[in-house]
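Here's the letter readout for the chains.
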Amino acid sequence: MAASVLLQANISYMESLLQMPTINKTSQLNKNRWNMAFQVIYCSRAFFAPRKRKVSPKPSHTLLAIDVEHQQPTCFPSVDQATLTHLVKEKELDNLLKFEGVEGIASSVKTDLNRGITADPEDIKRRQEAFGENTYRKPPAKSFFHFVYEAFKDPTILILLACAGLSLGFGMKEDGPKEGWYDGGSIFVAVFLVISVSAISNFRQSRQFDKLSKVSNNIQVEVVRNRRRQFISVFEVVVGDVVCLKIGDQVPADGLFIDGHSLTMDESSMTGESDYVQVGRTENPFLFSGTKVADGYARMLVTSVGMNTTWGQMMSTISIDSDELTPLQERLNKLTSSIGKVGLLVAFLVLVVLLIRYFTGNTKDGNGNIEFRGGETKVDDVINAVVGIVAAAVTIIVVAIPEGLPLAVTLTLAYSMKRMMADQAMVRKLSACETMGSATIICTDKTGTLTMNKMQVTKFWVGQESMEEISYTSISASFLQLIHQGVGLNTTGSVYKPASGSEFEFSGSPTEKAILSFAVLKLDMDFEELKQSYTLLKVEAFNSEKKRSGILMKKNLDSTIHVHWKGAAEMILAMCSNFYDSNGDKKILDGTERKKFNQLIQGMAASSLRCIAFAQKEVSLDEKPHQKIEDESLTLLGLVGLKDPCRPGAKKAVEDCQYAGVNIKMITGDNVFTARAIATECGILKPNQDNNIGEVVEGEQFRNYTHEERMEKVDKIRVMARSSPFDKLLMVQCLKQKGHVVAVTGDGTNDAPALKEADIGLSMGIQGTEVAKESSDIVILDDNFASVATVLRWGRCVYNNIQKFIQFQLTVNVAALTINFVAAVSAGEVPLTAVQLLWVNLIMDTLGALALATEKPTKELMEKKPVGRSEPLITNIMWRNLIAQSFYQIIVLLTLQFKGEEIFGVNERVKDTLIFNTFVLCQVFNEFNARKPEKKNIFEGIHKNKLFVGIIGVTIVLQVVMVEFLKKFADTERLNWGQWGVCIGLASVSWPIGFLVKYIPVPEKPFFSFLNWQNLKFMYKR
C-alpha cells in the first residue's frame, strides 16, 4: 500500500513539475512520455523486487496494472476507442450529448467537420495506431494439406491404397524387398500422382478466389480531406474521416451523422429487419458499417473502423465458400454419377468373372502354369491373386468415373475468370461465367454503358432563346442569382478550388459535374459563397423513379424562402405555370408557350442531348420544413442540353451481339426522343426502323399493358424510354417467362431487383452503387458495353470448352470399359493393368482437362445461335464424333488383344505393351479432334495455344519414359522402332476418321429427346 501511495505521490510531483513553464517549453507529448516512464519504472520495481510476504490481491493493485497496460494514446487524450465503439454500438444519445454532440467527438478525434482531417502520412499513422485500421481478421485460408486430405477421402482412392498395401506386403514376402515392391509400389506412386494433381488444382483455385475476393471488397469511398472531396480505398478509411454518403453507398465504418437530408438506411444486413431506418442529427445520428443508403445523402464522422465495428467482427468469422457448385457443375455431377454406375457394374462383372476363372483353374501365370490348384496353392498366393483382381476391378472404376469433368469445369472457370478480369469484367458468381454463354437477350442501360458518361453542357435556353457564350454577360444579375441558387444549392456535387490557384475540381455524378462546371466557368458562380449565404431547410433527393430533386432554402440576409426544382425537362415543365424570358421578365406559360417549350425539348432530345430543366418559386414564411416541398405553379428558369457521346466501340459490340443471335434492348430513363436517337446511333435501331409500331415504348406505356399484351409485345420492343426500375424488372420477368436467358446491366440501387431477377446481372464498376454490385453476378469494371460483349464471348467459350472435354473423356471411358470387360470375360485377363489405367486416368482427367479447358474464345463462337435453356449438354455432333472414335479404338485394341501375338510375332508382355501404348497414343491424337468438334481443320489456331502444344509434348515424353524406362513400374516391355511406328500409325488413323465422320450429317433433334432419361438429357433447371 505504501508503495502504491509513493508511486502516486511521485507521479503527481512530476506532473506538477512538468506543468511549470520551462525554457524549452516541454510539449504535452513529452509530459505524457515522462508520465509513462515513471509508471513503468515503479511497476517494474514492484513486480521484480524480492517478496518477503504474500501480497493480498487488492483492487488498487489490479487497477494500477490495467492503467499501465492500456495507457491512453497521448495523441487523443480526451477519448478512447472503447468509448467511441460503445457510444455508437449502443446508440448512447445521452453520452453523445455529454460530449457536446458530433462536434465534441470531432474535436476529440481532432477533425475539422468542414475541412476533414489533414491526411498527411504521420496523421494517418497516428490514427491507425490509436484506433486501428479498417480491415478485419479473416479466417485462415485452407492449406494445401486440406485439399490433399479431401482427395484422400475419395472411396475409390482408399480402396486402391488398401489394395496397394496388401499387394506390397504379399509381394515383398514372396519375392523379397528388392523385387516384391514393384506391383504395390507402382500403384502407390500412381495414386500419389492422381492425388497430388487434384490437390494442386483445387488449391490453386482456392487461391484464385481469395484474390478475386480482395479485389471485389476493395470499394472506393468518398471522403473530405484538407477541404477536398476525394475517393480512397475503404481500407484506408481512419477514425476522424468525414465520409460523403449517397444513395446506394455502403457505409464503410461506424460513425455519426454530421449533416445531410432525407437519409434513410437499409440495416437488414446487420439486423435482418427489412424496414428502413431514418437517420438524422437529433433523434438517431448513428451509422453502422455494412449498412446501405436507401435514400438521401449525408456526411458522417467515422468513429470506429475494422475489428472495432460489429460488421468487422461478423465478417472475420465468415469464410468465403469457393466450393459453390454452378448449374453446369451440378449437371456434370449427374453425368459423372451415371457413368460411374455403369463403370461400377462393369467392374463388378469383371471381378466376378476373374474370380470364377481363377478359382476354377482357368487362369495361368507367365510360365503357362495353372495359378490355382485346390489344396496345393499357398494361402499367400491366393490372397495376392485376389488382391490383384480386386485392384484391377477398382482401377476400372477409377477410369470409368470421369472425375476430370468437375476438374475441367474448375480449370476453365478459373482460367476464364482470370482472363475476364484483364478484359474489364470481374466475376462475382461462378455460375455467371457459363450462363452468360447461353444468354439470348441483353437489356442494357444507355448512360455510361452505350455512351461515354462524359457530360458537357452544349445548349442553354432561357425562355425560348438559346444563349450563346457571348450573350451570357447580358443576363440580368437578379435572374443569374436565381440560376446560381438552382444549380449550386440543389446538387449533391461539390466544387473545390485549390489554394495554389490551379483549375477547379468538380465532384458528383457526371450530370452534376457537367452542370456545376458550366455554372462556375461560364456563369461565374461562386460555390462557397452560395453555401454560406443560404440555409437548406429541406431536401428531396433525386432518384431514378422521381427523376427530379428539390430543395427548400432560406436566404440568410433577408430570410426569404425559395423552392428550387431540377430534373427531367418535360417533368419540370409540367410543374410550371410561368417562365422567365431572356430579359429576366416573368411571363405566363399558356398552352401555346408550353407547346413551344415541348418542341424545344424534343429538338434537343432528337440531337441526342439530355434535357434538364430548372424551376423555382418564392414561398411564404409559414412554409414548414417537415412539409412536402411545393411542386406546383413554379416558374421555369431555363433548360440545359447535355451531350453524352456514344462510346467508340459500342456500335461494333452491339452488331457483334446481334450477329451472335443475341437481341439487345436499351432501357433508359431519358425521354423517348433522346433514347431513339442514341439507339439509332449505336445500332440497336436501324435507320427508319423506329417508325415500326412497338419498337420504341415508354415505361408507363409498358407498365399499363395487360399481362397478355406485355407477353405479346415484349419481343418486339427494342427501346424503353422514361423507364423506372420497376419497368426494367417487369420486362426481365416477361422475357424469362417466354423462355429467354436474360442478362441485365444496372448501376443504381433501384436496379437491384432486376439484377437479381435476371439470369446474369451485370453491374457497372465506375458508376454502379455498392448495392447494385452486390446484387450482380459480374461487375463491368469500365462501364463499357464492349466489355459486355466480351463477357458473352467468354461465356460461350466456357461452355464450348466443357463440351470439348466431355467428348474427349467419354471416348476414353467407353473404349477402356469395353476393352477390359470383353478381355476379362473372354480371356480371363485384363490387358491394361492398374498402374497403366491410373496413368491413362492422369492423362485423361488432368492433362486433358488442362489442355482443352484453356482454349481462348474464337470468332466462330459468335457465329452460332445462343444455346438457350433446353439444349442438351451432349449434342448430336458430339455423339457422332464420340461413337466413331470409340468404335475405332475398340476394334483396334481388341484385335491386338486376341491376334496381336500372331500378327507381330511377339510374346504376351510385348503384346500388352503394344495395347497400352496404342491406347494412350489414340487419346493423344484424339485430343486434336476434340479441339474442333465441328470443323474439319483441327489444327486451326493451334499455334496460339502454347499450353495445349506443351501438354501434348509432355504427355508423349512421359509415355516414352513409361514404356522404355519404367518397365517394372508400369509392367511394360521395351518396344523397337518398328513397334513404335505401328503404335503411332494405328493411333494416327484417328485424324482421318475424325475428318471423314464430319461429312456425316446429324439431325438437330437430340438423339435422346424421345426418352425420359433425366441423366442423359441434361436440361438446364433453374
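(A) Focus on the confidence of the model for the chain. Per-residue pLDDT for the chain has a mean of 80; in total, 82% of the residues score no lower than 70. Contacts for the low-pLDDT stretch residues 1-73, under 50 throughout, to residues beyond four places or in other chains number 29 contacts. Every residue in residues 1010-1022 is under pLDDT 50, and counting partners more than four places away or in other chains gives 32 contacts.

(B) Focus on the pattern of salt bridges. Counted according to the given criterion, the structure contains 29 salt bridges. Its salt-bridge partner being Asp 581, residue Lys 587 comes within 3.5 Å of it at the nearest N-O pair. Within this structure, Glu 860, Lys 932, Lys 935 and Glu 940 form a network of salt bridges that share partners.

(C) Inspection of the packing of helix H31 (residues 876-904) against helix H36 (residues 990-997) at higher detail. Remark: H31 packs on H36, axes separated minimally by 10 Å, with the N-to-C direction vectors making an angle of 145°. Every pair of crossing elements has a handedness; the one defined by H31 and H36 is right-handed. Counting all contacts with H31, which are made through Arg 880, Asn 881, Ala 884, Gln 885 and Tyr 888, the residues of H36 involved are Ser 990, Ile 993, Gly 994 and Val 997.

(D) Here's a closer look at the pairing of strand S21 (residues 663-667). Where burial is concerned, most of S21 is hidden: four out of the five residues are buried. Here four bridges tie strand S9 (residues 441-444) to S21, and the two strands are oriented parallel to one another. Bridge pairing in S21 links Cys 443 to Lys 665. Direction of pairing for S21 relative to strand S23 (residues 719-721): parallel, over a ladder of two bridges. Residue pairing for S23: Ile 667 is matched across the bridge by Met 720.

(E) Main features of the sheet that holds strand S24 (residues 742-746). In space, the eight strands of this open sheet follow the order S8-S26-S25-S24-S9-S21-S23-S22, with mixed pairing throughout. A strand with exactly one partner marks an edge of an open sheet, and here the two such strands are strand S8 (425-427) and strand S22 (696-698). Neighbour to neighbour, the strand axes of the sheet diverge by 20° on average, direction disregarded. With respect to the sheet, helix H23 (residues 672-682) is in contact with S21, S22 and S23, its orientation differing from that of S23 by roughly 150°.

(F) Focus on the packing of helix H35 (residues 977-988) against H36. The contact between H35 and H36 brings their axes to 5 Å, and the two run at 10°. By the criterion of interaxial angle, the relationship of H35 to H36 is roughly parallel. Within the contact between the two elements, H35 uses Leu 986, Ala 987 and Ser 988 and H36 uses Ser 990, Trp 991 and Pro 992. Here the contact of H35 with H36 is composed, by residue class, of four nonpolar, two polar and no charged.

(G) Spatial organisation of the environment of Met 436. Examined against the element boundaries, Met 436 turns out to sit in helix H16 (residues 430-436). Judged by its relative accessible area of 0%, Met 436 is buried. In this structure the C-alpha to C-alpha distance between Met 436 and Arg 793, which are 357 residues apart in sequence, comes to 8.4 Å. Once residues lying within four places of it in the same chain are set aside, the contact partners of Met 436 are Ile 442, Ala 743, Ile 760, Leu 762, Val 788, Val 791, Leu 792 and Gly 795.

(H) Representation of unusual backbone geometry within the structure. Backbone geometry places Lys 91, a non-glycine residue, at a positive phi of 50°. Relative to the assigned elements, Lys 91 resides in the loop between helix H4 (81-89) and helix H5 (93-98). Accessibility expressed as a relative area gives 37% for Lys 91, which makes it partly exposed. Even without glycine at this site, Ser 262 takes up a positive phi of about 55°. By the secondary structure assignment, Ser 262 is in strand S4 (residues 254-266). A relative accessible area of 33% means that Ser 262 is categorised as partly exposed.

(I) Seen up close, a positive patch on the surface. On the surface, Lys 138, Arg 204, Lys 211, Lys 214, Lys 418, Arg 419, Lys 856, Lys 859, Lys 944 and Lys 946 cluster together to form a positively charged patch. Those elements giving two or more residues to the positive patch turn out to be helix H10 (182-217) and helix H15 (404-422). With three residues, H10 is the single largest residue contributor to the positive patch. Here Lys 946 shows up in helix H33 (residues 946-964).

Cut-offs used in this document
Residues numbered from 1 in each chain as written. Predicted model: local features only at pLDDT ≥ 70, side-chain atom pairs only at ≥ 80, totals over all residues. Heavy atoms only, no water. pLDDT = per-residue confidence, 0-100. Contact = heavy atoms within 4.5 Å. Salt bridge = Lys/Arg side-chain N within 4 Å of Asp/Glu carboxyl O. Axes fitted to C-alpha atoms, helices over the stretch in contact; angles between N-to-C directions. Helix = DSSP H or I, 4+ residues; strand = E, 2+ residues; numbered from the N terminus. Left-handed = near helix turned anticlockwise from the far one by under 90°. Buried < 20%, exposed > 50% of the residue type's maximum accessible area, 1.4 Å probe, protein only. Pairing = 2+ DSSP bridges. Parallel < 35°, antiparallel > 145°, perpendicular 65-115°, else oblique. Nonpolar A, V, L, I, M, F, W, Y, C, P; charged D, E, K, R; others polar. Patch = residues over 30% accessible without salt bridge, like charges linked within 9 Å, V, L, I, M, F, W, Y side chains within 5 Å. Areas by Shrake-Rupley, 256 points an atom, 1.4 Å probe, with all protein chains shown as cover. Lys, Arg positive; Asp, Glu negative; His and termini not counted. Charge placed at Lys NZ, Arg CZ, Asp CG, Glu CD.

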